[in-house]
Amino acid sequence: MYESREMEPQRLLTQTLQHAAWGKTVTAILAAALHTVEPGAAVRRMVQRTDDTLHIAGQSYNLRDLQRVFVVGAGKAGLAMTAATVEVLRDKVGGGVVIVKDEGPATLAALRETVRTLAPVTVMLARHPIPDERGVSATRRMVALLEQATADDLVIALISGGGSALLTLPVPGVALSDLQQITDALLASGATIEEINTLRKHLDRMKGGGLAQFAAPASLVALILSDVVGNPLEMIASGPTVPATVTFADAAAVLERYLAPDEVPLAIRSAIAAGVRGDMPPRPQPDNPLFARVQNVLVGSSQQAAQAARRTAEAHGLNTIVLTTYLQGEAREVGRVLAAIARELATEAQPFLRRPACVIVGGETTVTLRGAGRGGRNQELALAAVREMAGLADAVLVTLATDGGDGPTDAAGAVVTGETLARAQALGLDVEAALATNDAYPFFAALGDLLRPGATGTNVSDITLLFLW
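A brief report on the enclosed structure follows. If you're wondering where the values come from, they're calculated on a predicted model, not measured in any experiment.

**Quick notes on the nonpolar core**
In this structure, L54, L223, V398 and F467 are the most contacted members of the largest nonpolar core, which totals 62 residues. Ranked by the residues each element gives to this core, the list is headed by helix α4 (residues 78–89), at 7 residues. Residues in contact with L54, not counting those within four places in the same chain, are V47, Q48, R49, Q59, S60, Y61, L63, V88, L89, L154 and I156. L327, I341, Y441 and L450 belong to the second largest nonpolar core, which has 39 residues in total.

**A few points about the pairing of strand β2 (residues 53–56)**
Burial along β2 is one-sided: L54 and I56 are buried, while T53 and H55, pointing the other way, are not. Between strand β1 (residues 47–50) and the antiparallel strand that follows it, β2, lie 2 residues; D51 among them carries a positive phi value of about 55°. Pairing geometry for β2 and strand β3 (residues 59–62), over 4 bridges, is antiparallel. Residue pairing for β3: I56 is matched across the bridge by Q59. In sequence, β2 turns back onto β3 through a hairpin of 2 residues, with A57 there showing a positive phi of about 50°.

**What about the sheet that holds strand β15 (residues 462–468)?**
Strand order in the open sheet formed by 6 strands is β10-β11-β15-β12-β13-β14, and the pairing between neighbours is mixed. Of all strands in the sheet, those bounded by a partner on one side alone are β10 (319–327) and β14 (450–451). Summarising the sheet, strand β12 (residues 395–401) and β15 pair through 7 bridges and their orientation is antiparallel. Opposite V396, over in β15, you have F467 as the bridge partner. Most of the contacts of helix α14 (residues 331–347) go to β15, to which it runs at about 25°, and overall it touches β10, β11 (357–363), β12 and β15.

**Describing the pattern of salt bridges**
When the charged atoms of two side chains lie near each other, side chains of opposite charge can form a pair. Taken as a whole and assessed by the stated rule, the structure comprises 23 salt bridges. As a salt-bridge pair, E432 and R387 come within 2.4 Å of each other at their nearest N and O atoms. Linking E432 in helix α17 (residues 431–436) with R387 in helix α15 (residues 377–389), this pair joins segments that are 45 residues apart in sequence. Residues joined by salt bridges that share partners form a network here, namely R49, D52, R64 and D91.

**Structural notes on the sheet that holds β3**
Read across the sheet, 3 strands follow the order β1-β2-β3 without closing on themselves; strand pairing throughout is antiparallel. Where the open sheet ends on each side, the last strands, each with one partner, are β1 and β3. Between one strand and the next, the sheet's axes are offset by a mean angle of 25°, whatever the strand orientation. Where β1 lies against β2, 4 bridges are found, and the strand directions are antiparallel. Along β2, the bridge assignment pairs R49 with L54. Strands β1 and β2 of the sheet are contacted by helix α3 (residues 39–46), whose axis makes an angle of about 50° with β1. Contacting β1 and β2, α4 runs over the sheet at an angle of about 15° to β1.

What counts, and where the lines are drawn
- Residues numbered from 1 in each chain as written.
- Predicted model: local features only at pLDDT ≥ 70, side-chain atom pairs only at ≥ 80, totals over all residues.
- Heavy atoms only, no water.
- Core = buried A, V, L, I, M, F, W, Y, C linked by side-chain atoms within 4.5 Å.
- Buried < 20%, exposed > 50% of the residue type's maximum accessible area, 1.4 Å probe, protein only.
- Helix = DSSP H or I, 4+ residues; strand = E, 2+ residues; numbered from the N terminus.
- Contact = heavy atoms within 4.5 Å.
- Pairing = 2+ DSSP bridges.
- Axes fitted to C-alpha atoms, helices over the stretch in contact; angles between N-to-C directions.
- Salt bridge = Lys/Arg side-chain N within 4 Å of Asp/Glu carboxyl O.

If you want it as structure tokens, here you go:
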């Protein structure tokens, strides 16, 4: 049976972390945060089997009374979640389709390792964050399977971050190219993931309770790994198993807020306008009887990762606080705020946390693109802190996308210290120019301070650690 591997701390080393006396402590804390939200372990904590009884978060399902159990799902954590689910169910799996992000050779290697043990569940690859035809094809295959389900069947849906792009079935009249264009535009606009998903669930038949509709009349259990601040179930992967509380009017407001009319494909403008007029049915609402047969279970979140980081930091003798797991906002502004906290800890006579200190924040920021540079929200947050932290002794800021991928790069984040600015200037790097063009990746690459752990197999938004030694 496939087993997810614990994150090895050395995969989290950068040039600064490798040579600093406290580098091993920092990487141990990061590794602990990732390990506690490892998707396979998260599923096994919630799902157990005793003989022919399946126990899931306080509810029991008699497997002898079920004709078949189908396993479906979508998200970056899908492979490990599927492996754990099949391990528990064993002979009761009657088929399945799970869609995961194509991470390149690493994903193919993991699939080769697991393909036999996951049978009869088929794992299919698709693109993220911009959906592609593979995602549409895989989703259609999933729908064909779900349409076979009867009232005597159980469907287990494995949902994790990235599912919005991977699970794609456009509404009639909207083409995949329309979804690609609008997703790209909104990602560049600074819109939050909640706002993007509000629009997505009105343009896609699987989102906003759509998977639950296709699974009916079977019983449905959704095991959900959250990548959204605050863990609102209807926003994680655009809520395919959850009733919608947003409306076509909310979707129209997102378009109006971020994009000019000529930036929105005509088919999408028409679909949203039709919904606002009442010419298209709303998404399934909370009073829809189909949800009486649905159990939604949160199996992992940013809060769990942050608390694991806190416990490990305290075990290493650090005075630690989880400041928030609801961090949002423009990445560059958040970076300056965290740098200001570092300066207060370093210079105030009575700081709110005494050295050695560790401040932990979780959440997900956004980036409004101003240039054609390379980077991601975690790298931009770190870049914005460089000048503000300049000269601070024994101060360190570490940013990490828990899925291992920050923006369209192979980095997960970056490391900043009080010496970063001086080191950058010695290499002829201009922090303001890089920030002006959203070009954080080459800046930190030149310093050797990009975090490059590779795909972690999990996804619970971002973790940022601030240290004063």
